[in-house]
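# Coordinate inspection notes
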Amino acid sequence: MLLEGLERCRSPAMLALLCACWFLVACASGASVGSDASFGGPEEPNRDLRATVTETGEEMARRRREATTLYAACHVQPSASLDAAEPQVTGLVLFRQLAPGGRLDAYFDLKGFPMEPNTSCRAIHVHHFGDLMPGCEATGPHYNPLGVPHPQHPGDFGNFAVRGGSLWRYRPGLAASLSGPHSIVGRAVVVHEGEDDLGLGGNAASVQNGNAGRRLACCVVGLSGPEHWERLAQEHQQRKERKKRRQESKAA
Ligand SMILES: [Cu+2]
Ligand SMILES: [Zn+2]
């Protein structure tokens, strides 16, 4: 089991950590016997030693968790088939999956929608192909590995409220995955002009694509490091705090 872990991580730092941990465990167990002069020692150092072993174990568990977490980034660009006069939607869609096959969380951070007085709803989905040329039309239909109707596709993320030309949203617990046979890595995220009718439109297109309208922008989902996720998580937290402060000052 331990050797499997070593094989998977292939990290010299992890190897050193394991050796240190084995050594400390051996010392701690030897010391706890207490009768052997070569291992026995005062009570206080034994406690320190056990604390160190516990901390080392926790650090290893944290590194193991980090090693199994998957991150993906999708850098949204306006559809190449749109005129320059059309809305130029850009931004980021980020994914994090804590373990292969586990829960998928996402950040959506987009701007460049038309400035409208009222809130509008825009659909966002995962489409089959990670091909963006000559425009987002090249991404094909919704990604539908199980042959089910819309909106039961794994990348049917639904509708997102746009205010002041932009949207930002954290969505936990999405049905899609970054691993396994139905991974969305290499496929496309498409941002639509209209609202998703969620299969209730009463026509054939409704149970295929939700009648969400033209494709304004798209991107290809690619595996990434944690940096984008950590930065956006921090930004979202700051935005939430600013919003809360604004609401509080209005209420006062
Ligand atoms: Cu779509
Ligand atoms: Zn769908």
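If you check an unreviewed UniProt entry, the protein chain appears there as Superoxide dismutase [Cu-Zn] from Myotis myotis. Under the UniProt heading Sequence similarities (unreviewed entry), the entry covering the protein chain gives this text: "Belongs to the Cu-Zn superoxide dismutase family." UniProt, in the comment section headed Catalytic activity (unreviewed entry), describes the protein chain in these words: "2 superoxide + 2 H(+) = H2O2 + O2".

### A look at the coordination of the zinc ion (ligand 2)
At this site the zinc ion (ligand 2) is bound by His142 (ND1), His150 (ND1), His153 (ND1), Asp156 (OD) and Asp156 (OD), with donor distances of 2.0 to 2.6 Å. The motif formed by the donor residues of the zinc ion (ligand 2), counted along the single chain, is H-x7-H-x2-H-x2-D. The exposure class assigned to Asp156 is buried, which follows from its relative accessible area of 15%.

### Observations concerning the nonpolar core
In terms of nonpolar packing, the biggest core is built from 29 residues, with Phe95, Phe157 and Val189 touching the most fellow members. Sorting the residues of this core by element identifies strand E1 (70-78), strand E2 (90-97), strand E3 (104-111), strand E4 (120-127), strand E5 (156-162), strand E6 (166-174), strand E7 (188-192) and strand E8 (215-220) as the ones contributing at least two each. With four residues, E3 is the single largest residue contributor to this core. Contact partners of Phe157, with chain neighbours within four places excluded, come to Phe95, Phe108, Ile124, Val126, Arg171, Leu174 and Ala176. Formed by seven residues, the second largest nonpolar core is a distinct cluster that contains Tyr71, Ala73, Tyr107 and Trp229.

### Quick word on the pattern of salt bridges
Following the criterion strictly, the structure yields seven salt bridges and no others. Here Asp105 ties to Arg96 by a salt bridge, and the two come within 3.4 Å at their closest N and O atoms. Here the two residues Asp105 and Arg96 agree in accessibility, since each one is buried. Across the pair Glu235 and Arg231 runs a salt bridge whose closest N-O atoms are separated by 3.1 Å. Taken together, the positions of Glu235 and Arg231, both in helix H5 (residues 227-251) and four residues apart, correspond to about one turn of that helix. Its relative accessible area of 27% is what places Glu235 among the partly exposed residues. On the basis of relative accessibility, which here comes to 37%, the residue Arg231 falls in the partly exposed class. One network of salt bridges, in which partners are shared, links Glu86, Glu193 and Arg214.

### A short note on the coordination of the copper ion (ligand 1)
For the copper ion (ligand 1), the protein coordination sphere consists of His125 (ND1), His127 (NE2) and His192 (NE2), at 2.0 to 2.1 Å. One chain supplies every donor for the copper ion (ligand 1), spaced along it as H-x1-H-x64-H. In this structure, His125 and His127 share a single accessibility class: buried.

Thresholds, definitions, all that
- The residue numbering used here restarts from 1 in each chain and proceeds along that chain's sequence as written.
- Whichever chain is written first becomes A and whichever ligand is written first becomes 1, with later ones labelled in order.
- Owing to the predicted nature of the model, reporting of local features is limited to residues with pLDDT of at least 70; listing and counting of side-chain atom pairs is limited to 80 or more, with chain, interface and lining totals taken over all residues.
- Hydrogens and water are ignored here; the side-chain numbers use all heavy atoms of the structure.
- UniProt positions are given in the numbering used here, feature names are shortened, and annotations may be inferred rather than shown by experiment.
- Each metal site lists N, O and S donors within 2.8 Å (3.2 Å for Na, K and Ca). With water left out of the atoms, a site can look as if it is missing ligands.
- Whether a residue is buried, partly exposed or exposed follows from its accessible area with a 1.4 Å probe, protein chains only, as a fraction of its type maximum: under 20%, in between, or over 50%, in that order.
- Put simply, buried Ala, Val, Leu, Ile, Met, Phe, Trp, Tyr and Cys residues joined by side-chain atoms within 4.5 Å make one nonpolar core.
- In this description a helix means any DSSP run of H or I spanning at least four residues, a strand means any run of E spanning at least two, and both kinds are numbered starting from the N terminus.
- When checking whether two residues touch, look at their non-hydrogen atoms; a contact exists if any pair is within 4.5 Å.
- Here, a salt bridge means any Lys or Arg side-chain nitrogen found within 4 Å of an Asp or Glu carboxyl oxygen.

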